Amino acid sequence: ASEMGRSSSSSSSSSSSSDSDRRRKRSRRDKRDEDDSRSPNGRGGGDASPRVGGGERNGDTRSREDSRDGRDRSPAGRGDRGRGGRRDLRDDIRSARGEDPADRPPKEPIERKPLPPGRAGGTYIPPFKLAQMMAEQTDKTGPEYQRMTWDALKKSINGLVNKVNASNIKNILPELFTENMIRGRGLFARAVMKSQMASPQFSPVFAALVAVVNTKFPELGELVLKRVILQFRRAFKRNDKPVCVAATRFLAHLINQQVVHELTALELLTVLLASPTDDSVEVAIEFVKECGYTLNELTPQGLHGIFERFRGILHEGEIDKRVQFMIEGLFAVRKAGFEGKQGVPPELDLVEEDDQIVHELSLDDQLQAEATLDIFKVDPEYEANERKYADIRKEILGESSSDEDDSEDDSDEDESSDEEDGGGGAMNAEQQAIEDQTETNLVNLRRTIYLTIMSSLDFEEAGHKLMKIHLQPGQEVEICTMLTECCSQERTFLRYYGLLAQRFCFIDQMYAQLFDEVFLKQYSTIHRLETNKLRNVAKFFAHLLATDAISWTCLAYLQLTEEATTSSSRIFIKILFQELSEALGLRKLNQRLQDPGMAEYFQGIMPRDTPKNTRFAINFFTSIGLGGLTDELREHLKNMPKMIMAQKPADSDSDSDSSSSSSSSSSSSSSSLDSDSSSSSSSSSSSSSSSSDSKPAKKKRKKGLPH
């Protein structure tokens, strides 16, 4: 009874324990049973008789000790204990079902198949691994090799399109044309549109890229245009404003680049403004801002009609106030001449007008996006197509001529290397000399001379600074040239330049000779100068002549005849002698011109060869107010008939001593002289009649005619 009481009390106490304690005890019991089943002395291998009564506790203790001893001695037991009992429990369940775990066949490893290459391009392969795989391929026309080249082409086009901008587009284009653009035309169109959609502010750059590619491959430009139009259609039907704005912005810059005809722009604006809403009018406003300058040049009447439609929408007042203000701002932009958005930026104007190819597509045309061009397909004529594009690439990039030049350069280098081996160190020294063909140093020298001249306070300071400039042999003429050009650029002549040039001529006679050469160069190109520059240059050289800084022998370059002069050269001579007359005086100037030692240098300015040239010089100096310089010319013109007549008896005496044949020839020559003398006398009489001495000259010639 006492035992029954104790058992009832223990059962009541165990029923009052918590569920967590029961779960903990159950797990301990299950774990102990598992250990007993694994140990050699447990139920699985030792005494199979059950334990009864008080011996159960001692038996459990021994079994735990034996199992602990077995677990310590058995490494397998430690491994099983570490894995836990889940696998054994599954085995117990299978054994309860009647299944033997040992009879189950071992599982074979499943071989994973590579992902099928689809639209996403398949799995990622690093570039070095892809290059290695392509090198290991023996069949250069098989599908696997074509697939690898397709992936490489796709990555290359995407990379080039993603990194293009206004500063490097000229460098990106040659790299882009090295890729097979015909095979990857779908990839190119897709990459351009994705990049433009991600960065609409770079639409001018992508439009310029498409414009250049369009000149070489019109099919690519047409494909991009088709896809942009289809993209606008879908976005317009779905009321997707961001996509609409991006697509219309791209179209606007394609119109600026003359890839698309301007009628497409008018059609697009008509569609947007047919049933105006806030969003459609806003998209139309942005579109007109981008390409309004180009439309105003190409179709001013069409743009006027669009603005009239904007004006009607504004007067209707059915749209939001914000959009109405945007329309008013658009009219202000139009009035300002679309300032800030005037067509194509200079750095992106890469296509000549003659090379532009314009596509005429309508929004209502049945357009095909040709999405299959974006997917890899096996090309049965892969090698032939690659060779064809290689020829096209050479034609576009000019690789053939460059290769020939490289081969010629290589052959020249080989020959020069042979000559160097036989020539010795002298040839090496000569070939190592570097000649600057870009004239960078010369431009920097001219800049230094110009800044020195302009920054000096007076001519003495400028001369002192210019003399300190280190000049290479042959660069002294740059000082003379820059002085003349700086003087010609002034609004009026400044004596500063004349005094500075005079100082250089007095310092070194070499500068006087150089200014003489500059005088010849300026006079030979005097017709290119404006009147103001011509006047300054003439006064500059008149100052040098008046101060004897340069020799008067430079006047030998002047030929004062009607045939040898132009209006510009006559103005130059006029200003030159007028300045000399003001500086020296008319008398001293006349003495200089009548100097017998310099007469040979003044034959061009004071011609005495023919009456026509002499009369032209007399009339020229008389018209500019320097008739006093022509006294000797007038006297020479008066005496010219007497000189001709004096030559006639000498010719007749020489003819009498000659033979009959020579007499006949002399008679013909004398007759020609008579005709010349009569013509000269008539011409001289006509010229002298205009002067004050015309009447005495006529009397003298009449008295001398009977002789």
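Here's what I pulled together on the structure shown here. (Residues numbered from 1 in each chain as written. Predicted model: local features only at pLDDT ≥ 70, side-chain atom pairs only at ≥ 80, totals over all residues. Heavy atoms only, no water.)

## Structural notes on helix α17 (residues 382–397)
Point 1. The terminal C-alpha atoms of α17 lie 22 Å apart, and with 16 residues this matches the ideal 22 Å at 1.5 Å per residue to within 8%.
Point 2. Among the residues of α17, those classed as buried are Y382, Y389 and A390. Each buried residue of α17 sits inside an arc of 115° when the element is viewed along its axis, so together they form one side. The exposed set on the far side of α17, more than 90 degrees from its buried face, consists of R387, K388, D391 and E395.
Point 3. Buried residues along α17 sit in contact with α7 (143–162) and α8 (169–178).
Point 4. One or two residues past the end of α17 sits G398, with phi positive at roughly 65°. (Helix = DSSP H or I, 4+ residues; strand = E, 2+ residues; numbered from the N terminus. Expected span 1.5 Å × (residues − 1). Buried < 20%, exposed > 50% of the residue type's maximum accessible area, 1.4 Å probe, protein only. Arc of directions from axis to C-beta. Contact = heavy atoms within 4.5 Å.)

## Side note on the packing of aromatic side chains
Given two aromatic rings, one states the distance between the centres and the angle between the planes to describe the pair.
Point 1. Applying the stated criterion to the full structure yields 17 aromatic pairs.
Point 2. Aromatic side chains F515 and F540 sit 6.0 Å apart centroid to centroid with 50° between the ring planes, which places their arrangement in the tilted category. Remark: F540 occurs in helix α25 (residues 531–546) and F515 occurs in helix α24 (residues 509–524); sequence separation between them is 25 residues. Each member of the pair, F515 together with F540, is buried.
Point 3. Here the aromatic cluster, defined as three or more aromatic residues joined through ring pairs, consists of F515, F519, Y523, F540, F541, Y557 and F572.
Point 4. The ring of F307 has R334 sitting right over it, with the charged end atom 4.3 Å from the ring centre. (Phe/Tyr/Trp six-rings, centres within 6.5 Å; stacked < 30°, edge-to-face > 60°. Lys NZ or Arg CZ within 6 Å of the ring centre and 35° of its normal.)

## Focus: the nonpolar core
Point 1. Residues F188, F250, F287, F310 and I327 are the most contacted members of the largest nonpolar core, which totals 82 residues.
Point 2. Apart from residues no more than four positions distant in its own chain, I327 is found in contact with V281, I285, F310, I313, L314 and I319.
Point 3. Among the nonpolar cores identified, the runner-up in size contains 69 residues, and Y496, I526, I550 and L637 belong to it. (Core = buried A, V, L, I, M, F, W, Y, C linked by side-chain atoms within 4.5 Å.)

## Comments concerning the environment of N444
Point 1. Here N444 shows up in helix α20 (residues 440–455).
Point 2. What makes N444 partly exposed here is its relative accessible area of 34%.
Point 3. Side chain to side chain, N444 and R447 meet in a polar contact 2.8 Å long. (Polar contact = N/O pair within 3.5 Å; in protein donor to acceptor, adjacent residues only side chain to side chain.)

## Side note on the packing of helix α9 (residues 185–198) against helix α12 (residues 241–256)
Point 1. In contact at an axis separation of 10 Å, α9 and α12 are set at 120° when each is read in the N-to-C sense. The angle between α9 and α12 falls in the class oblique. When you trace α9 past α12, the crossing you get is right-handed. Seen from α9, the contacting residues are V192, Q196 and M197; seen from α12, they are V243, A246 and F250.
Point 2. Along the lines of polarity and charge, the residues of the contact of α9 with α12 split into five nonpolar, one polar and no charged. (Axes fitted to C-alpha atoms, helices over the stretch in contact; angles between N-to-C directions. Parallel < 35°, antiparallel > 145°, perpendicular 65-115°, else oblique. Left-handed = near helix turned anticlockwise from the far one by under 90°. Nonpolar A, V, L, I, M, F, W, Y, C, P; charged D, E, K, R; others polar.)

## A short note on the packing of helix α6 (residues 127–136) against α7
Point 1. Taken N-terminus to C-terminus, the directions of α6 and α7 make an angle of 145°; their axes are 10 Å apart at the nearest point. Note that α6 runs across α7; the crossing there is left-handed. Residues L130, M133 and M134 of α6 pack against Y145, M148, T149, A152 and K155 of α7.
Point 2. Grouping the constituent residues of the contact of α6 with α7 by class yields six nonpolar, one polar and one charged.

Scope: geometric values only; no functional claims are made or implied.
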